[in-house]
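# Observations on the three-dimensional arrangement
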Amino acid sequence: MSTHITAEKGMVAECVLLPGDPLRAEHIASTFFKNPVKYNETRGMYGFTGEWNGHRVSVQGTGMGMPSFSIYANELIDFFGCKKLIRVGTCGSNNKNLKLRDVFIAQSANTDSGMNADRFGSSFHFAPVPSFSLMYKAYEEAVKAGIPVTVGPCFSSDKFYDDRHDEKMAMMHKLGIMAEEMEAAELYTLGALKNVETLALFTVSDDILTGEQTTAKERQTTFNNMIEIALRSFFS
Ligand code: HPA
C-alpha cells in the first residue's frame, strides 16, 4: 500500500483520470465505467478502477492545489506504475476567445508555485508541457465530436485568493496565457521527471474578465463532454 492511496499494487490501471474533487471521481466511475471498484477512500479521496469500451481505466481524486495533487500523482506513478495521467478539471478564462463551457487543453503550464524553484534552483526555469501525443489526440477527438475546444497556455496558481491577482492577470493577458487553474504545472513536471504521459483538460467554469460563471447543470454537461474526450484520448 502507498501512504495516501491505501490499495494493493495492481488495483489501479495504467491510465488514470484525475479530477480534483473526489465526488467527481465517483460521478465519473458511476457514469462512464463498467463494473467500477472503489480502491481508495482514505481521507475521502476516492479512487475507482473499471472498464471503458473494454479498456481498464481508473479515476483518482487529488484535492486542490499542487501540494495535494503531487502526493496522489507521485504515488500513482511510483507505487502503482501508472503511465498515462489526464487531469480533468475546471478553469477560469482570462481571454475573450475562451468562452464559458468550452473545453480547454493546456499546451503549457506557467506557475507562481515555489515547487519547481525548490526542485530546480534559481537559475534553471523548467517549462512544463504535456505529452504531445495525448494533446494531439484530445484535440482531434474534440473536433471529431463537434465539441468547442481551445488549445493554449495556462497558469497554475498556488493561491485561489491572491492579493496580487489583478497584477498577475495583467501579466498573463500580455503573455497570451488564457486560463487559470491550480495543478497542471505539477502534473507536467512529474510527467517529464518520471517519463510518463500527462495532459490537463478543462471546462471553463468561470470568466475572470466578466465574472460570469456556469450553472451547476451546465458544468455537469460540459464536464461529461470533457471526460469522453479524455477517455478516447487514452485509447485511440
Ligand atoms: N482560478 C483558479 N482555479 C480555478 C479557477 C480560477 O479562476 N476557476 C476554476 N478553477
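Rules and cut-offs
- For every chain, the first residue of its written sequence is number 1, and the numbers climb from 1 along that sequence.
- Whole-chain, interface and lining totals are the exception, using all residues; otherwise, since this is a predicted model, local features are given only for residues with pLDDT of at least 70 and side-chain atom pairs are given and counted only at 80 or more.
- Side-chain numbers come from the whole structure's heavy atoms, not from hydrogens or water.
- Lines are fitted to the C-alpha atoms to define the axes, a helix being fitted only along its stretch in contact, and any angle between axes, read from their N-to-C directions, falls within 0 to 180 degrees.
- Here a helix means four or more residues in a row that DSSP labels H or I, a strand means two or more in a row labelled E, and each is numbered from the N terminus.
- Roughly parallel means an angle under 35 degrees; roughly antiparallel, over 145; roughly perpendicular, 65 to 115; everything else is oblique.
- Throughout, a crossing is termed right-handed when the near helix is turned clockwise from the far one, and left-handed when it is turned anticlockwise from it by less than a right angle.
- By definition in these notes, contact holds between two residues if any of their heavy atoms fall within 4.5 Å.
- When residue character is reported, Ala, Val, Leu, Ile, Met, Phe, Trp, Tyr, Cys and Pro are called nonpolar, Asp, Glu, Lys and Arg charged, and the others, Gly included, polar.
- How far a helix is expected to stretch is found by multiplying one less than its residue total by 1.5 Å.
- Burial here depends on accessible area, computed with a 1.4 Å probe over protein chains only, as a share of the maximum for the residue type. Under 20% is buried, over 50% is exposed, and the range in between is partly exposed.
- We call a residue near a molecule or strand as soon as one heavy atom of that residue lies within 4 Å of the molecule or strand.
- Any N or O atom pair separated by 3.5 Å or less is treated as a polar contact, with the protein-specific requirement of one donor-capable and one acceptor-capable atom, and with residues adjacent in sequence counted only for side-chain atom pairs.
- Paired rings are identified among Phe, Tyr and Trp, the last through its six-membered ring, by centres lying within 6.5 Å, and are further divided according to the angle between planes into stacked (under 30 degrees), edge-to-face (over 60) and tilted (the rest).
- Whether a charge sits over a ring depends on NZ of Lys or CZ of Arg being within 6 Å of the ring centre and within 35 degrees of the ring normal.
- One speaks of a salt bridge when a side-chain nitrogen belonging to Lys or Arg is within 4 Å of a carboxyl oxygen belonging to Asp or Glu.
- Charged residues are defined narrowly, with Lys and Arg counted positive, Asp and Glu counted negative, and His plus the chain ends left uncounted.

## Notes on the packing of helix α4 (residues 132-144) against helix α7 (residues 216-235)
One way to put it is that α4 packs onto α7 with a least axis distance of 8 Å and a crossing angle of 130°. It follows from the interaxial angle that α4 and α7 lie oblique. In this structure, α4 meets α7 at a crossing whose hand is right-handed. Here α4 contributes L134, K137, A138, E141 and A142 to the contact with α7, which in turn contributes I229, R232 and S233. Of the residues that constitute the contact of α4 with α7, the class distribution is four nonpolar, one polar and three charged.

## Points about helix α2 (residues 66-78)
Between its first and last C-alpha, α2 extends 17 Å over 13 residues, near the 18 Å set by a 1.5 Å rise per residue. Of all the residues in α2, the buried ones are M66, F69, S70, Y72, A73, E75, L76 and I77.

## Comments concerning the site of the ligand
Neighbouring the ligand are T90, C91, G92, F160, E180, E181, M182, S205, D206 and I208. T90 places a polar main-chain atom, nitrogen or oxygen, 3.4 Å from a nitrogen atom of the ligand. One of the side-chain N or O atoms of E180 is found 3.3 Å from a nitrogen atom in the ligand. Those elements that provide at least two residues to the shell around the ligand are β5 (84-93), β8 (179-181) and β9 (197-207). Looking at the shell around the ligand, its residues break down into four nonpolar, three polar and three charged.

## Topic: the packing of aromatic side chains
Overall, the coordinates contain nine aromatic pairs when judged by the stated rule. With 5.4 Å between their ring centres and 40° between their planes, F120 and F126 make a pair best called tilted. Aromatic rings pair up to connect W52, F234 and F235 into one cluster. When the ring centre of F79 is taken as origin, the NZ or CZ atom of K9, which lies over that ring, is 3.6 Å away. Lying over the aromatic face of F223, R24 brings its terminal NZ or CZ to 4.6 Å of the ring centre.

## A few points about helix α6 (residues 184-194)
Taking burial as the measure, the 11 residues of α6 include eight buried ones, the bulk of the element. Along α6, the residues classified as buried are A184, A185, E186, L187, Y188, T189, L190 and G191. Backbone geometry just downstream of α6 places N195 in the positive-phi region, at approximately 55°.

## Quick look at the pattern of salt bridges
Tallied over the full model, the rule gives 10 salt bridges. Between K194 and D78 there is a salt bridge, with the nearest N and O atoms lying 3.0 Å from each other. One end of the pair, K194, is in helix α6; the other, D78, is in helix α2, and 116 residues separate them in sequence. A residue is classified by how much of its surface remains accessible, and D78, at 52% relative accessible area, is exposed. With a shortest N-O distance of 3.1 Å, R87 and E181 are connected by a salt bridge. Here E181 lies in strand β8 and R87 lies in strand β5, a separation of 94 residues in the sequence. The class for E181 is buried, based on a relative accessible area of 4%. Among the charged side chains, a salt-bridge network with shared partners connects R87, E181 and E183.

## With respect to the side chain of E75
Residue placement: E75 occurs in helix α2. Look at E75: it is buried, it has no salt bridge, and the nearest opposite charge is R43 at 8.9 Å. A polar atom in the side chain of E75 sits 3.1 Å from the backbone nitrogen of I5. Sequence-distant contacts of E75, defined by excluding residues within four places in its chain, comprise S2, T3, H4, I5 and F80.

This is a description of form; function is not addressed.
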